Amino acid sequence: MTLPASRRTVLLATGTAALAVGCGAQDAGGDASGPSPTPGQELARTADIPVGGGRIFKDAKVVVTQPAQGDFRAFSAVCTHQGCIVATVADGTINCACHKSSFAIGDGAVTAGPATEPLPAAKIAVKGDAITLA
Ligand code: FES
C-alpha cells in the first residue's frame, strides 16, 4: 500500500540529485559561456591591433593578432586547456592566466603548457581599416 508511494518518492529524489550534479558539472568551465559572436560584427579598426601583438575581444571570444605589418590573424580566445578566456597578448604570445599556458600569435601553437592543443583559427575579414567577424 505505501510501497508504491515510497518507490515514487525515491525515484523523484534520485532524479533531482542527477539533475543537480549535471548542472554543477556544466558550470565547472563556465568562463567561456555567453552569447555567440555574430558574423559581420565589427571587432576593431586595424590601428587598434599592435604590430607584433594583438587584442582580445572577450565578448566575441576572439583574439586578433598582427604578427607582421598588415598581416592580421584571429584565433579562438577560449584556452584549449580548460576553457578560460585568454587574458593577455604580450611578447609574441597569447597568454592564459588560469594555468599559464601560452600560444604563438602567428599560428596559435602552444608555446607553454599545460595546454597541448593550439588555439583554433577564427575567421575574420579586413575591409579597409575595419576588422569584422566572417
Ligand atoms: S585554462 Fe588556460 S591554462 Fe588552463
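Residues numbered from 1 in each chain as written. Predicted model: local features only at pLDDT ≥ 70, side-chain atom pairs only at ≥ 80, totals over all residues. Heavy atoms only, no water.

Asker: Would you mind going over the sheet that holds strand 8 (residues 110-112) in detail, with residue names and values included?
Answerer: Across the sheet, four strands lie side by side as 5-6-7-8; this open sheet has antiparallel pairing. Edge positions in the sheet fall to strand 5 (88-90) and strand 8, since each of these pairs with one other strand and no more. With strand direction ignored, the average angle separating the axes of adjacent strands in the sheet is 35 degrees. Direction of pairing for strand 6 (residues 93-95) relative to strand 7 (residues 102-104): antiparallel, over a ladder of three bridges. Pairing of Thr-93 across the sheet is with Ala-104, part of strand 7. (Pairing = 2+ DSSP bridges. Helix = DSSP H or I, 4+ residues; strand = E, 2+ residues; numbered from the N terminus. Axes fitted to C-alpha atoms, helices over the stretch in contact; angles between N-to-C directions.)

Asker: Tell me about the state of the cysteines, and please be specific about residues and values.
Answerer: Linking two cysteines covalently through their sulfur atoms gives a disulfide. Taken as a whole and judged by the stated rule, the model has one disulfide. Paired by a disulfide, Cys-84 and Cys-98 hold their sulfur atoms 2.0 Å apart. Residues Cys-84 and Cys-98 share a disulfide whose torsion about the S-S bond is about -95 degrees; that sign makes it left-handed. With Cys-84 in the loop between strand 4 (71-76) and strand 5 and Cys-98 in the loop between strand 6 and strand 7, this residue pair connects regions lying 14 residues apart in the sequence. On the basis of relative accessible area, Cys-84 is assigned to the buried category, the value being 10%. With relative accessibility at 37%, the residue Cys-98 sits in the partly exposed group. (Disulfide = S-S within 2.5 Å. Buried < 20%, exposed > 50% of the residue type's maximum accessible area, 1.4 Å probe, protein only.)

Asker: Can you explain unusual backbone geometry? Please cite residues and give values.
Answerer: Look at the link from Gly-113 to Pro-114: it is a cis peptide, with omega at 20 degrees. Mapped onto the elements, Pro-114 comes out in the loop between strand 8 and strand 9 (124-127). In this structure, Asp-91 is a non-glycine residue whose phi angle is positive, near 55 degrees. Within the fold, Asp-91 resides in the loop between strand 5 and strand 6. The exposure class of Asp-91 is exposed, given its relative accessible area of 81%. One non-glycine residue, Lys-100, lies in the positive phi region at around 75 degrees. In this fold, Lys-100 is placed in the loop between strand 6 and strand 7. Taking the relative accessible area as the measure of exposure, Lys-100 reaches 60% and is therefore exposed.

Asker: Provide a residue-level description of the pairing of strand 2 (residues 53-57), including the pertinent values.
Answerer: Burial within strand 2 is extensive, with four of its five residues counted as buried. Inspection of the sheet shows strand 2 paired to strand 3 (residues 62-68) by five bridges, in the antiparallel sense. When the sheet's bridge partners are listed, Gly-53 is paired in strand 3 with Gln-66. Here strand 2 hands over to strand 3 after four residues, with Lys-61 in that stretch at a positive phi of 60 degrees.

Asker: An account of the pairing of strand 3 is needed here, citing residue identities and associated values.
Answerer: In terms of burial, strand 3 is a largely internal element, five of the seven residues being buried. The sheet contact formed by strand 3 and strand 4 spans five bridges and is antiparallel. From the neighbouring strand, Thr-65 faces strand 4, where its bridge partner is Arg-73. Hairpin connection of strand 3 to strand 4: two residues between the antiparallel strands, including Gly-70 at a positive phi of 80 degrees.

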